[in-house]
Amino acid sequence: MAAGFFKAEMSMLSSTLARSYSIPFRKTLMSFDFQIAMRRNPFIRIRCSRVAAFSSSPSHSPNFPIPVFCSSSGLEDVFVGYLFGKKKATEVAHIVWEKVIKKGDMVIDATCGNGNDTLAMLKMVMDDSGGYVYAMDIQKDAIESTSSLLDQTLGSKEKDCVKLFNICHSKMEEIVPQNSRVRMVAFNLGYLPGGNKSIITVSDTTLLALKASERILMRGGLISLVVYIGHPGGREELEVVEAFGSSLPVSDWVCCKFQMLNRPLAPVLVFMFKRELK
Ligand SMILES: C[S@@+](CC[C@H](N)C(=O)[O-])C[C@H]1O[C@@H](n2cnc3c(N)ncnc32)[C@H](O)[C@@H]1O
């Protein structure tokens, strides 16, 4: 099964996708690579490159390999939009977060930058009983930018639900209260858009931050990464992220990545989900 191409399943996927987007079955537009990292068994890989070439006959099966993507219209729309180049990696990340985060949760934005992700997370966690976002960035400018976005968008009570820290994400355990139940740690790696491009995330501290995330994440929680590979060091950072995800035991973690095949510099999405206890 490892590294096998699921041709039958992919033909179903292609026909489903093509119908949703009114694209002829034989003209699917994008190359796409979906991998689930397994500990011993290298990779189960579903590779979808001109998937419609496999088959043009629409069919459905109850054994469709990725049922979650077909069960909810929001997730399906964004995911399928991503496949056809209409949605960004960050939009996919946000909709996946929505599936994991519950009201009242505590989550961590490990790279708050201009605050867009922080704000998205806050909307997902906040209700009358609380909900907190611990957001951090190594740049003071980024903390100020996030703070200013929150000021423009939120009331003071809502803003109290965001804790901002000007620290390196490798030190996240120093700021999150002990025994917190952290539902998600999200990374949007690289440099601050519109800011100093020489201040970027680097492999060493990203790895330390991933290890810290692994320690503090609750079961049923998610480590989410958007990894940019177009700048120097970006590809090496992706390799570190992939090696970390591949090393997590399959009994406790589900780790996967989404990567465009024919856009080699497009951001790569990585999700590491910590399984609930059975
Ligand atoms: C792509 S931006 C984040 C974008 C942000 N999430 C948003 O919604 O606007 C990456 C951010 O990571 C920050 N960063 C770089 N190294 C870091 C580190 N070691 N710890 C925390 N943040 C870091 C950069 O300063 C930059 O603001």
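A short tour of the structure in this document, coming up. Predicted model, so just to flag it, every value in this text is computed and none were measured.

### Some thoughts on the pattern of salt bridges
The full count for this structure, using the stated rule, is 7 salt bridges. Note that E144 is salt-bridged to K140, the shortest N-O span being 3.3 Å. Within this pair, E144 and its partner K140 are both found in helix α6 (residues 140-153), separated by 4 residues, close to a single helical turn. The salt bridge involving K257 is made with E242; its shortest N-O contact spans 2.8 Å. One end of the pair, K257, is in strand β8 (residues 253-260); the other, E242, is in helix α10 (residues 234-247), and 15 residues separate them in sequence. K257 gets classed as buried once you look at its relative accessible area, which sits at 10%. Judged by its relative accessible area of 23%, E242 is partly exposed.

### Notes on helix α5 (residues 116-125)
Counting buried positions along α5 yields 8 of 10 residues, so the element is predominantly enclosed. Along α5, the residues that are buried comprise D117, T118, L119, A120, M121, L122, M124 and V125.

### Side note on the packing of aromatic side chains
The geometry of an aromatic ring pair comes down to the distance between the two centres and the angle between the two planes. Taken as a whole and judged by the stated rule, the model has 3 aromatic pairs. Ring centres of Y134 and F165 lie 5.8 Å apart, and the angle between their planes is 10°; on these two criteria the pair is classed as stacked. Of the two residues, Y134 sits in strand β4 (residues 132-136) while F165 sits in strand β5 (residues 162-165), which places them 31 residues apart along the sequence. A centroid spacing of 6.0 Å and a plane angle of 70° characterise the contact between F258 and F271, whose relative ring orientation is edge-to-face. Of the two residues, F258 sits in strand β8 while F271 sits in strand β9 (residues 268-274), which places them 13 residues apart along the sequence. In terms of burial, F258 and F271 fall into one category: buried. Joined through ring pairs, the aromatic side chains of F79, F258 and F271 make up one cluster.

### What to know about the packing of helix α9 (residues 203-216) against α10
Remark: α9 packs on α10, axes separated minimally by 9 Å, with the N-to-C direction vectors making an angle of 25°. In terms of orientation, α9 and α10 fall into the roughly parallel class. For the element pair α9 and α10, the recorded crossing hand is right-handed. Along the contact surface, α9 presents S203, T206, L207, L210, K211 and E214, while α10 presents E236, E237, V240, V241 and F244. Looking at the contact of α9 with α10, its residues break down into 5 nonpolar, 2 polar and 4 charged.

Cut-off values and rules
Residues numbered from 1 in each chain as written. Predicted model: local features only at pLDDT ≥ 70, side-chain atom pairs only at ≥ 80, totals over all residues. Heavy atoms only, no water. Salt bridge = Lys/Arg side-chain N within 4 Å of Asp/Glu carboxyl O. Helix = DSSP H or I, 4+ residues; strand = E, 2+ residues; numbered from the N terminus. Buried < 20%, exposed > 50% of the residue type's maximum accessible area, 1.4 Å probe, protein only. Phe/Tyr/Trp six-rings, centres within 6.5 Å; stacked < 30°, edge-to-face > 60°. Axes fitted to C-alpha atoms, helices over the stretch in contact; angles between N-to-C directions. Parallel < 35°, antiparallel > 145°, perpendicular 65-115°, else oblique. Left-handed = near helix turned anticlockwise from the far one by under 90°. Contact = heavy atoms within 4.5 Å. Nonpolar A, V, L, I, M, F, W, Y, C, P; charged D, E, K, R; others polar.

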